[in-house]
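# Fold and contact review
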Amino acid sequence: MHSAPFRLVVTGGGTGGHTYPALTAVRTLQARLGGEGRALETLWIGTADGLEARVAPAEGIAFTTVATGKIRRSKNPIKLASPANVRDMARVPLGVLQARRAIDQFRPDVVLATGGYVAVPAGLAARMCHRPLVLHEQTVRLGLANRKLAASAARICVSSESTLELLSESARSVAVVTGNPVRPEVLSGHADRAVQALGLWGFDRQLPTVYVTGGAQGSQQINELVGEALPWLLQFANVIHQCGPANEEGLRARAAGLPPELAGRYHLAGFVSGELPDVLALADVVVSRSGAGTLAELTALGKPAVFVPLASSAGNEQVHNARHLEQAGAAVALTGEVTAARLQEAVGPLLADTHMRWGMAERARAYGRPDAADRLVDEILSAAAGQPVTGQAGRRGEPSLPR
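Cut-offs applied
Residues numbered from 1 in each chain as written. Predicted model: local features only at pLDDT ≥ 70, side-chain atom pairs only at ≥ 80, totals over all residues. Heavy atoms only, no water. Helix = DSSP H or I, 4+ residues; strand = E, 2+ residues; numbered from the N terminus. Buried < 20%, exposed > 50% of the residue type's maximum accessible area, 1.4 Å probe, protein only. Contact = heavy atoms within 4.5 Å. Phe/Tyr/Trp six-rings, centres within 6.5 Å; stacked < 30°, edge-to-face > 60°. Lys NZ or Arg CZ within 6 Å of the ring centre and 35° of its normal. Right-handed = clockwise from strand over helix to strand, strands pointing away. Pairing = 2+ DSSP bridges. Salt bridge = Lys/Arg side-chain N within 4 Å of Asp/Glu carboxyl O. Axes fitted to C-alpha atoms, helices over the stretch in contact; angles between N-to-C directions. Core = buried A, V, L, I, M, F, W, Y, C linked by side-chain atoms within 4.5 Å. Polar contact = N/O pair within 3.5 Å; in protein donor to acceptor, adjacent residues only side chain to side chain. pLDDT = per-residue confidence, 0-100. Parallel < 35°, antiparallel > 145°, perpendicular 65-115°, else oblique. Left-handed = near helix turned anticlockwise from the far one by under 90°.

### Some remarks on the overall build of the protein
Within the protein one finds 18 helices and 13 strands. Within the protein, buried positions represent 54% of all 403 residues. A sequence separation of at least 24 residues applies to 70% of the contacts in the protein between residues at least 6 apart.

The structure is reproduced here in structure tokens:
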């Protein structure tokens, strides 16, 4: 006789940084339970205009929306009380009522919250419905939503050892370092498949390969830097440049002026999707933003990286993420005013010195947690069973950072 299905409410989203870790956790939990002959039933509570509204239904996950409000941050208390903030904050109680109704009807064993504004009403509703709440934080410092929910959580699963010292004593007592779940397909790439799939026949495999990415939409800043440095860069490396669909035409025009012997070593793509695992396997150095998902993938793979953080990211998290790894010698962080000359100074030594790349790769790998999804699932199951936090689960193996 099969036991009753495990019921999970997931909340979080808005961006890929909150959505994909949640999705990876759902897939991993489903596989774990399936191996025990048990089914998983999932309800995702999200917003109508967040990425999760597309991702959850595409994965066959039941999806419902609740009202929520975006808090526009400001150090100025007058700006914090702006009409837009007041209007949005007034929507949160309605969202809590809607989430409470959904949770009451669904009766989950656990509520998993991965951050984003929608996590607040659903997380508060979990507490009201007496359902165990598991928080997952992707960045070094707790995001706004998770800070609001920390007191209600049965577990606070964090991605970095360094987060523990930033928590209050009560939050630390329920905190576990799991890492940030990485989609398993990202870890299964093959360099030769990238050459085949993208037709990289002009690449010189004796040279290192640099993968440049600014995320799905591309980054104007990174595109400009690389475009300017390209004639220099191609003397020492092959380059795969994922520039964002809107930027492809302008960069293609610029690349048309390259000498033929260099042009063959440059592959420009508006978007890289299914080939991404293979491209990452081929890459010797990555130039990118420093969002939490990117960090999780690159450290799990042990990839040397030069980060150009998005300065306007929420709570300046990308700068913190990049510096966190730079302090450990696991990446280079280019902050402040970044020029093509500074990019060349950062990338040049890595291209010239194989041993330097290997050393940085090893230090990056020391921070990687390819088993993060399994660790998070362990915590979801133990919270559902009402087990106390052991205090040591998931805290092994990460070197301590210099202060």
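Further notes follow.
### Overview of the packing of aromatic side chains
All told, the structure shown has one aromatic pair when counted by the stated rule. Plain terms: the ring middles of W232 and F236 are 5.3 Å apart, the flat faces sit at 55° to each other, and that makes the pair tilted. A relative accessible area of 23% means that W232 is categorised as partly exposed. Judged by its relative accessible area of 37%, F236 is partly exposed. Positioned over the ring face of F106 is R7, at 4.2 Å from the centre of the ring. Stacked on the ring of Y20, the Lys or Arg R183 has its end atom at 5.2 Å from the ring centre.

### Side note on the pairing of strand β6 (residues 155–158)
Burial along β6 is two-sided: the residues R155 and C157 and I156 and V158 are all buried. For the crossover from strand β5 (residues 133–137) across helix α6 (residues 144–149) to β6, the handedness is right-handed. Both β6 and strand β7 (residues 175–177) contribute to a ladder of three bridges, which runs parallel. Bridge pairing in β7 places C157 opposite V176.

### With respect to the pattern of salt bridges
Within this structure, the stated rule accounts for 12 salt bridges. Here R193 and D278 are joined by a salt bridge, their closest N and O atoms 3.0 Å apart. Here R193, found in helix α9 (residues 191–198), pairs with D278, found in helix α13 (residues 276–282); they are 85 residues apart in sequence, far enough to count as distant. D278 gets classed as buried once you look at its relative accessible area, which sits at 9%. Between E248 and R252 there is a salt bridge, with the nearest N and O atoms lying 2.6 Å from each other. Pair noted here: E248 and R252 are both in helix α11 (residues 248–255), with a separation of four residues, about one helical turn. On the basis of relative accessibility, which here comes to 23%, the residue E248 falls in the partly exposed class. Among the charged side chains, a network of salt bridges with common partners joins R27, E59 and E185.

### Re the sheet that holds strand β2 (residues 40–46)
A sheet is described by the order of its strands in space; here seven strands give the open sequence β3-β2-β1-β4-β5-β6-β7, paired in parallel fashion. The open sheet is flanked by β3 (62–65) and β7, the only strands paired with a single partner. Between one strand axis and the next, the sheet turns through 20° on average, direction left out of account. Two strands pair when backbone bridges link them, and strand β1 (residues 6–11) and strand β4 (residues 110–113) are joined in this way by four bridges, in the parallel orientation. Bridge pairing in β4 places T11 opposite A113.

### Focus: the nonpolar core
Membership of the largest hydrophobic core comes to 36 residues, with the highest contact counts inside it found for V9, I45, I103, L133, L135 and I156. For this core, the secondary structure elements donating two or more residues are β2, α4 (83–106), β4, α5 (119–128), β5, α6, β6 and β7. Top contributing element to this core by residue count: α4, with six residues. Setting aside anything within four residues of it in sequence, one finds L135 in contact with A113, N146, L149, A150, A153, R155, I156 and C157.

### Considering the side chain of R155
Looking at where R155 falls in the secondary structure, it is placed in strand β6. Within the structure, R155 has its side chain in polar contact with the backbone oxygen of Q387 (distance 2.9 Å). Not counting chain neighbours up to four residues away, the residues in contact with R155 comprise L133, V134, L135, V174, V176, E379, S382, A383, Q387, P388 and V389.

### Comments concerning the confidence of the model for the protein
Mean pLDDT over the protein: 90, with 90% of residues reaching 70 or higher. Note that residues 392–403 has pLDDT below 50 and, in this model, 35 contacts with residues that lie over four places away or in other chains.

### Focus on the pairing of strand β9 (residues 238–242)
Counting buried positions along β9 yields five of five residues, so the element is predominantly enclosed. Side chains N238, I240 and Q242 of β9 all project onto a buried face; the interleaved residues V239 and H241 project onto the opposite face, where all are buried too. As paired elements, strand β8 (residues 209–213) and β9 share five bridges and run parallel to each other. Bridged to V210 within β9 is V239. Assessed by its sense of winding, the connection that carries the chain from β8 through helix α10 (residues 220–233) to β9 is right-handed. Bridge count between β9 and strand β10 (residues 266–269): four bridges; the pairing is parallel. Its bridge partner being in β10, V239 is matched across the sheet by Y266.

### Concerning the packing of α10 against helix α16 (residues 340–352)
One can describe the packing of α10 onto α16 by two numbers: an axis separation of 9 Å at closest approach and a directional angle of 45°. Considered as vectors, α10 and α16 are oriented oblique to each other. Between α10 and α16 lies a crossing of right-handed hand. Contact residues: L225, V226, E228, A229, W232 and L233 in α10; A340, L343, Q344, V347, G348 and L351 in α16.

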